[in-house]
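Structural features, examined
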Amino acid sequence: MSLARPPRSLQRAKISALGTFVPPRVLTNADLEKMVDTSDQWIVERTGIRERHIAETGVATSDLAAEAARRCLADRGLDAEAVEVIIVATVTPDMPFPSTACLVQEKIGAHHAWGFDLGAACSGFLYALQVGAKLIESGAQSRVMVIGADTLSTMIDYTDRSTCILFGDGAGAVLLEPAGESEQGLLDYAHEIDGSGAPALRLPAGGRLRPRGAVTVANKEHFVYQDGQTVYKFAVRKMAEIAEKVLVRNHLTGKDLACFIPHQANRRIIESTAQRLGMPMECVLINIDRYGNTIAATVPLAMGTAREEGKLHRGDMVLLASVGAGFTAGATLLRWELD
Ligand code: UT7
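Model, not experiment: these values are computed from the prediction.

Notes on the overall build of the protein chain
Of the regular secondary structure elements, the protein chain holds 11 helices and 13 strands. In terms of overall size, the protein chain behaves like a compact globule, its C-alpha atoms giving a radius of gyration of 19 Å where 339 residues would be expected to give roughly 20 Å. When the backbone C-alpha atoms are referred to their principal axes, the protein chain occupies close to 60 × 45 × 35 Å. Buried residues in the protein chain amount to 56% of all 339 residues. Taking the intrachain contacts of the protein chain between residues at least 6 apart in sequence as the baseline, contacts between residues at least 24 apart amount to 77%. Of the roughly 14,000 Å² of accessible surface on the protein chain, a fraction of 53% belongs to carbon and sulfur atoms. Averaged over its 35 positive side-chain charges, the protein chain has a centre that lies 4 Å from the centre of its 40 negative ones.

Focus: the nonpolar core
Phe260, Met279, Leu319 and Leu333 are the most contacted members of the largest nonpolar core, which totals 50 residues. Elements with a contribution of two residues or more to this core: strand 8 (186–193), helix 8 (228–249), helix 9 (267–277), strand 12 (317–324) and strand 13 (328–335). The element that contributes the greatest number of residues to this core is helix 8, accounting for 8 residues. Among the domains, domain 1 (13–178) and domain 2 (186–335) are the pair contributing at least three residues each to this core. The next biggest cluster of nonpolar side chains, apart from the first, holds 35 residues, and it includes Leu176, Ala296, Leu312 and Trp336.

Section: the environment of asparagine 29
Within the fold, asparagine 29 resides in helix 1 (residues 29–33). The sequence separation of asparagine 29 and isoleucine 147 amounts to 118 residues, and the corresponding C-alpha distance is 28 Å. Once residues within four sequence positions are removed from consideration, asparagine 29 is found in contact with Asp40, Ile43, Val44, Ile49, Arg50, Glu51 and Arg52. At 2.9 Å, the side chain of asparagine 29 forms a polar contact with the side chain of arginine 52.

Observations regarding unusual backbone geometry
Cis geometry is found at the peptide bond from phenylalanine 97 to proline 98, where omega equals 5°. Its place among the elements puts proline 98 in the loop between strand 4 (85–89) and helix 4 (100–108). In this structure, the amide linkage connecting glycine 326 to the following residue, phenylalanine 327, adopts the cis form with an omega of -5°. Along the chain, phenylalanine 327 turns up in the loop between strand 12 and strand 13. Backbone geometry at histidine 251 places phi at a positive 60°, although glycine is not the residue there. Following the sequence through the fold, histidine 251 ends up in the loop between helix 8 and strand 11 (259–262).

Here we look at the domain arrangement of the protein chain
According to the domain assignment, the protein chain contains domain 1 (13–178) and domain 2 (186–335). Look at where the C-alpha atoms of domain 1 and domain 2 centre, and you get two points 14 Å apart. In this assembly, 50 residues from domain 1 lie in contact with 44 residues from domain 2. Joining domain 1 to domain 2, the criterion identifies 2 salt bridges. Taking the shortest distance from any N to any O, the salt bridge between lysine 220 and aspartate 157 comes out at 3.2 Å.

Thresholds, definitions, all that
Residues numbered from 1 in each chain as written. Predicted model: local features only at pLDDT ≥ 70, side-chain atom pairs only at ≥ 80, totals over all residues. Heavy atoms only, no water. Helix = DSSP H or I, 4+ residues; strand = E, 2+ residues; numbered from the N terminus. Rg over C-alpha atoms; globule rule 2.2 N^0.38 Å. Buried < 20%, exposed > 50% of the residue type's maximum accessible area, 1.4 Å probe, protein only. Contact = heavy atoms within 4.5 Å. Areas by Shrake-Rupley, 256 points an atom, 1.4 Å probe, with all protein chains shown as cover. Lys, Arg positive; Asp, Glu negative; His and termini not counted. Charge placed at Lys NZ, Arg CZ, Asp CG, Glu CD. Core = buried A, V, L, I, M, F, W, Y, C linked by side-chain atoms within 4.5 Å. Domains from an automatic or database assignment. Polar contact = N/O pair within 3.5 Å; in protein donor to acceptor, adjacent residues only side chain to side chain. Salt bridge = Lys/Arg side-chain N within 4 Å of Asp/Glu carboxyl O.

Next comes the structure, spelled out in structure tokens:
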């Protein structure tokens, strides 16, 4: 089997530890039925979501990220001082600056690490994973913590039934280290953006273009806006396309994968992608029912679920895929090197 990148001369990166965290408070479909004109049946049929976790007021993205990071370090049996870089993929930083990475560094005591945030919405974790992998592959760093964390609940209008049912809060962290002699780790990836999709999913105000003011608040422009159908049509096509692109150039099909771990935005998007890849559903990880769409956290949270449910084994060929606001899209092929 020939694999597209990185060249053999470079040191491959592998995921050497994983930790996840969701806040304890659960918001069920029954709870939402009391808040907006919706039904458990509609939500389950149209999205696959049954419940989602919501952070309490005052709990920030960096809090969830730090707890996921601590669990990740415990999984590896490492002290935080050993971390060299922290990359936090998020669109809900605690504040515009300092970066969430700085806040996480302080919270976990990773005193020797540098780091930064990366914003690519639902594809953020996959993009951050590759940036971290490149730091390892170049030989510049040997322990990179990649975190996907979001608390979109602070930006949701809980009177808008078209968006408030979709999102939850959560965080997941992986440690990247050089793969050993007999290991393969991260094998290949494809990333794309398509800025023509920007109007379809966005937070209209709060940035430089439309700073916060009485008018933007009155117009509810600090809440997430989504043209669901446009995003759905793009996502259902693009997730399959980008996943297939990585598989084909590695001479693989969906049947060669032990596990497909997609971004969790809508169960129907995942099922359609799996069908196009020819993957049996038992190899496809779906946990949207318990967490909803947690943006940059969905993929590491899904890795955690796959591991808990015994669906990931050392040596498994795994494909990750995502589509999100931007539009952004990504797919990563990897050999799972963890027990
Ligand atoms: O992670 C980032 C990427 N995001 C995505 O991938 C999300 C992609 N989009 C979607 O998953 C779907 O478009 C949604 C789940 C957001 C919406 O599902 P849909 O099947 O596209 O519904 P729709 O927006 O076309 O609305 C159909 C009907 C409308 O009623 P009418 O106009 O037909 O009378 C909506 O008003 O469903 C209504 N509706 C609801 N009804 C009950 C919308 N939301 C709700 C709701 N409960 N919560």
